[in-house]
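Below, each chain spelled out in residue letters.
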Amino acid sequence: MTSPKPFYLRLLLLCCSFIAPAATNLFSQGQDNIWIFGDHHGLDFNSGAPVIVYNTPLASSESAASVCDENGNLLFYSNSESVWNRNGNVMPNGAGIIGYTSGGSTSQGTGIVQSIANPNQYYLFTMEDMAYQQYYNGTPTLRYSVIDMSLNGGLGDVMPGQKNIVLETHISEQMAILPLDNCEGYWLVVRNYSTQEYKAYKINATGIHPPVASPHDPAMGVHLTQGLQSNGGEMKFNPAGTIIAWMNFQTHLMEMGTFDRNTGLISNRITINTTWWGPGTGNYGIEFSPDGSKFYLPGGSYYIRQYDASLYPNAAAIEASKIELIPNGGSNRKFMGTRLGPDGKIYINTSTINYADHTLTVINNPNATGNACNLVQDAILMPWTNGQSNSMGLKAAVRKQDIAYYTHNDAICAPLTMTAGANANSYTWNTGATTASITTATPGTYWVKSQSPCAVRIDTFHITRLNEAAANILGDDKAICPGANLTLNASTAGASYVWQDGSTQATFVASQPGQYIVQITKNGCTISDTVNIYNSSDYLSVLKSDTTICQSTSVTIPVETTLPEYQWDNGVVSAPLTVSAAGTYIVTANSPCGILKDTITVKTIDCDCVPMLPNAFTPNGDGRNDLFEAKARCAVKLVQMTVYNRYGQRIFESNGIKGWDGNFKGKKAETGVYCYYLTYTDQLGKTATLKGDVTLLR
């Protein structure tokens with residue numbers, strides 16, 4: 001979309017008005033939404049996805065064009081032989097168009113261009129095919145006729161005396177049309193098959209101008225120019241209109257050149273070697289991606305290739321950038337004409353070598369590189385009877401208008417007059433009004449479309465009552481952080497203010513909690529708003545103390561906070577944290593007063609660790625197993641150990657870690673089996689008891 005031109009906007013405001021450009025597209029640009037082509041069919045893009053159109057009167061293997069109004073309503077279509085209106089009837093003067101002659105076909109033989117001077121009129125450009133030259137000794141010629149849609153009750157007709165007017169002879173089968181910005185007009189480019197020079201016709205409000213010629217560079221060599229279909233193929237501009245590419249079906253060479261949008265001259269012409277299998281099997285179509293970074297070549301020898309267009313004018317680099325989406329001979333399908341759809345996808349005419357069916361192959365993401373472009377072979381099955389279809393027709397060229405969008409936010413306490421852009425030819429309000437201005441006292445949303453020959457302006461007005469707009473101008477109650485200031489803003493254009501302390505500025509700086517009140521007066525309307533300021537009480541707390549858990553177990557750590565979101569240092573967001581590993585875990589949250597933080601430390605222990613005691617000992621003074629004592633490999637606390645003989649007599653008792661040396665009352669205890677009780681405290685602080693037997697040996 002081009003930058004909006006300045007418009008004079010006169011708003012009879014009784015209150016504030018905020019104006020800003022907006023990107024909302026309230027009106028469709030649907031002139032390319034219906035394609036009529038091929039064997040009595042077409043595609044309709046008005047629903048967003050293409051829908052097949054059946055049973056049209058047009059039959060053409062190649063040459064076709066159609067055009068809609070800006071809302072996607074079909075106006076007319078042609079195959080360069082006849083012109084049909086939207087009802088499928090030949091226009092009263094629509095027969096006898098010279099172009100599709102004697103059953104031949106022309107790759108891009110039909111073009112439609114909307115008049116700059118009169119948007120109801122369209123140029124219809126037609127040209128004969130090369131077979132007409134070879135078999136009937138004719139001279140392929142570029143002609144035009146003028147169609148006026150105001151004739152025949154709005155169904156349109158070819159204007160008398162404006163039919164089959166000759167422009168150029170000895171032309172190949174390609175035609176490219178470039179709309180220029182701001183209704184400056186168009187360039188129509190054709191190629192002379194004898195001299196290999198390009199002819200560019202400027203079309204603007206004063207009509208069709210003599211062509212600008214770009215001669216052939218002999219250093220490029222001579223392309224095949226004679227013979228059946230020798231100049232079949234397509235010629236396309238890149239989306240920016242700065243590069244033009246020409247493809248010849250009978251040669252492996254493709255031309256690219258720099259196009260000067262101001263002069264129509266083509267320079268820096270290079271030749272791209274696309275390789276092929278022989279005459280008639282080369283590339284037919286060419287299409288650029290919507291962003292202009294790539295171009296696609298479908299081939300009659302059953303391949304589809306992607307090239308890097310950004311490498312122009314380096315021919316060798318472009319050739320080296322080739323990506324075989326469908327390799328040479330990698331399909332039994334024939335890929336021919338291409339067309340970029342209004343949905344940003346590229347459509348490729350597809351059939352068998354003998355045209356026994358008709359499908360469309362679709363490149364869904366043509367800006368992407370390689371297989372990421374998402375090519376789907378035979379994605380759409382088209383109706384087929386017995387007709388050949390190589391092309392989906394040439395996109396109609398319509399006036400490129402400046403479209404500017406503006407938004408106005410107005411608060412009123414009395415009727416407001418809203419005025420659209422000045423110097424427009426027509427105005428359309430959503431209320432049905434067609435005047436430049438309307439007056440309302442009712443809140444709501446209003447829009448107006450101001451239409452000029454080369455510009456459209458869309459103004460949207462959001463209207464509220466002043467008391468409604470300002471009733472909460474200070475916003476909701478707010479928290480203030482300790483030691484901080486808070487600026488309250490009551491700004492309303494053209495208003496005066498009185499705050500609770502008598503100050504009269506549009507803003508007030510609050511440094512303490514409390515209630516703040518402002519009165520706003522504008523155009524005799526006074527309203528007030530109140531806001532309460534309170535100390536921030538946000539907090540964040542881990543609801544569990546530092547803890548110890550057994551190995552191979554876990555603990556869930558809950559959090560309590562006044563804030564809507566918090567995050568643990570391991571990435572968990574706004575949820576309790578479950579952990580099984582030892583460590584210190586940190587949780588943080590952003591508050592108006594800074595970052596709040598809390599931590600918890602988790603330790604792990606081996607809960608299966610218990611004291612170990614021998615089942616026998618030999619207190620014979622040799623320094624080995626002389627004591628019956630408990631040992632532990634972990635931090636347990638031994639509290640008490642008691643030993644009894646077989647008569648139940650307690651013969652040993654100790655507190656702590658002291659062991660039994662096998663003596664009782666200073667004498668050696670007799671050999672035998674003794675029972676024991678051991679009391680200890682485990683790592684979690686719990687008291688536990690072990691009991692068992694031990695054998696005393698001498």
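Use the structure listed above.
Here's a quick rundown of the structure. (Residues numbered from 1 in each chain as written. Predicted model: local features only at pLDDT ≥ 70, side-chain atom pairs only at ≥ 80, totals over all residues. Heavy atoms only, no water.)

1. Structural notes on the overall build of the protein
Working step 1: Broken down by element type, the protein carries 3 helices and 57 strands.
Working step 2: Taken across its 698 residues, the protein has 48% of its residues classed as buried.
Working step 3: A separation threshold of at least 6 residues defines the contact pool for the protein, and within that pool the share at least 24 residues apart is 53%. (Helix = DSSP H or I, 4+ residues; strand = E, 2+ residues; numbered from the N terminus. Buried < 20%, exposed > 50% of the residue type's maximum accessible area, 1.4 Å probe, protein only. Contact = heavy atoms within 4.5 Å.)

2. Thoughts on the nonpolar core
Working step 1: The biggest cluster of nonpolar side chains holds 20 residues, and the ones touching the most others in it are L613, F628, V643, W660 and Y674.
Working step 2: Breaking this core down by element, the ones donating at least two residues are strand 52 (637–644), strand 53 (650–655), strand 56 (672–681) and strand 57 (687–696).
Working step 3: By residue number, the principal contributor to this core is strand 56, which donates 4 residues.
Working step 4: Contact partners of W660, with chain neighbours within four places excluded, come to F617, D626, L627, F628, M641, V643, I651, F652, A669, Y674 and L696. (Core = buried A, V, L, I, M, F, W, Y, C linked by side-chain atoms within 4.5 Å.)

3. As for the state of the cysteines
Working step 1: Scanning the entire structure with this criterion turns up 1 disulfide.
Working step 2: Sulfur-sulfur distance for the disulfide between C481 and C593 comes to 1.7 Å. On the S-S bond that ties C481 to C593, the torsion sits near -100°, and the link is left-handed. Taken together, the positions of C481 in the loop between strand 37 (478–480) and strand 38 (486–489) and C593 in the loop between strand 49 (583–591) and strand 50 (594–605) put the pair 112 residues apart, joining distant regions of the chain. (Disulfide = S-S within 2.5 Å.)

4. Side note on the side chain of R191
Working step 1: Structurally, the position occupied by R191 is in strand 14 (residues 186–192).
Working step 2: At 3.1 Å, the side chain of R191 forms a polar contact with the side chain of Q196. (Polar contact = N/O pair within 3.5 Å; in protein donor to acceptor, adjacent residues only side chain to side chain.)

5. Observations concerning the sheet that holds strand 7 (residues 83–85)
Working step 1: Taken together, the 4 strands give an open sheet; going across it, the order is 7-6-5-30, and neighbouring strands pair in mixed fashion. Edge strands, defined here as strands with exactly one partner in the open sheet, are strand 7 and strand 30 (394–395). (Pairing = 2+ DSSP bridges.)

6. What about the packing of aromatic side chains?
Working step 1: On inspection of all chains with the given rule, the structure shows 21 aromatic pairs.
Working step 2: Between W429 and F461, the ring centres sit 5.9 Å apart and the planes meet at 25°, which makes this aromatic pair stacked. Taken together, the residues W429 in strand 33 (residues 426–429) and F461 in strand 36 (residues 455–465) connect sequence positions 32 residues apart.
Working step 3: Take W429: its relative accessible area is 2%, and that puts it in the buried class.
Working step 4: For F461, a relative accessible area of 0% puts it in the buried group.
Working step 5: A cation over an aromatic ring shows up here: R191 above the ring of Y198, its NZ or CZ 5.5 Å from the ring centre.
Working step 6: Lying across the ring of Y406, R457 places its NZ or CZ 4.0 Å from the centre. (Phe/Tyr/Trp six-rings, centres within 6.5 Å; stacked < 30°, edge-to-face > 60°. Lys NZ or Arg CZ within 6 Å of the ring centre and 35° of its normal.)

7. A few points about the side chain of T361
Working step 1: Its place among the elements puts T361 in strand 28 (residues 359–363).
Working step 2: Of the polar contacts made by the side chain of T361, one reaches the side chain of T350; its length is 2.9 Å.
Working step 3: Filtering out sequence-adjacent residues up to four positions away, T361 remains in contact with I304, F335, I346, Y347, I348, T350, L375, V376, Q377, D378 and A379.

8. A few points about the pattern of salt bridges
Working step 1: Going through the model one piece at a time under the given rule, you end up with 17 salt bridges.
Working step 2: A salt bridge links R143 to E128, with the nearest nitrogen and oxygen atoms 2.7 Å apart. Here R143, found in strand 10 (residues 141–148), pairs with E128, found in the loop between strand 9 (121–127) and helix 1 (130–136); they are 15 residues apart in sequence, far enough to count as distant. Here R143 and E128 have matching classes, each one buried.
Working step 3: A salt bridge links E324 to K322, with the shortest nitrogen-to-oxygen separation between them at 3.7 Å.
Working step 4: Overall, the relative accessible area of 30% leaves E324 in the partly exposed class.
Working step 5: Residue class for K322 comes out partly exposed when judged on its relative accessible area of 29%.
Working step 6: One continuous salt-bridge network, built from bridges that share partners, spans E168, E197 and K199. (Salt bridge = Lys/Arg side-chain N within 4 Å of Asp/Glu carboxyl O.)

9. Quick notes on unusual backbone geometry
Working step 1: Here Y312 and P313 are connected by a cis peptide whose omega angle stands at 15°.
Working step 2: With respect to the helices and strands, the residue P313 is situated in the loop between strand 24 (303–308) and helix 2 (315–320).
Working step 3: Within the chain, H40 stands out as a residue other than glycine whose phi angle is a positive 65°.
Working step 4: Looking at where H40 falls in the secondary structure, it is placed in strand 3 (residues 39–44).

10. Looking at the environment of G299
Working step 1: By the secondary structure assignment, G299 is in strand 23 (residues 294–299).
Working step 2: In this structure, the C-alpha to C-alpha distance between G299 and P327, residues 28 residues apart in sequence, is 10.0 Å.

11. Here we look at the sheet that holds strand 26 (residues 334–340)
Working step 1: As summarised here, the arrangement of the 4 strands in space is 26-27-28-29, forming an open sheet in which the pairing is antiparallel. The open sheet is flanked by strand 26 and strand 29 (375–381), the only strands paired with a single partner. Shown here is a sheet whose adjacent strand axes are inclined to one another by a mean of 30°, direction ignored.
Working step 2: By the bridge criterion, 5 bridges tie strand 27 (residues 346–351) to strand 28 in an arrangement that is antiparallel. Residue pairing for strand 28: I348 is matched across the bridge by T361. (Axes fitted to C-alpha atoms, helices over the stretch in contact; angles between N-to-C directions.)

12. Things to note about the pairing of strand 4 (residues 51–59)
Working step 1: Pairing analysis gives 5 bridges linking strand 3 to strand 4, with the strands arranged antiparallel. Across the sheet, D44 pairs through a bridge with V51, a residue of strand 4.
Working step 2: Here strand 3 folds back onto strand 4, and the loop between the two strands holds 6 residues, one of which, G48, carries a positive phi near 105°.

13. Regarding the pairing of strand 35 (residues 444–452)
The side chains of a regular strand alternate, first on one face of the sheet and then on the other.
Working step 1: Two elements, strand 33 and strand 35, share 4 bridges in a ladder whose sense is antiparallel. Note on strand 35: the bridge partner recorded for T428 is K449.
Working step 2: Where strand 35 and strand 36 come together, 9 bridges link them in antiparallel fashion. Bridged to V448 within strand 36 is D459.
Working step 3: The antiparallel hairpin formed by strand 35 and strand 36 contains 2 residues in its connecting segment.

14. Overview of the environment of D546
Working step 1: Considering the arrangement of structural elements, one finds D546 in the loop between strand 43 (540–542) and strand 44 (547–550).
Working step 2: Along the primary structure D546 and T584 are separated by 38 residues, whereas in three dimensions their C-alpha atoms are 8.9 Å apart.
Working step 3: Discounting chain neighbours no more than four positions away, the residues touching D546 are I600 and T601.
Working step 4: In terms of polar contacts, D546 uses its side chain to reach the backbone amide nitrogen of T601, at 2.8 Å.

What is shown is where atoms sit, not what they do.
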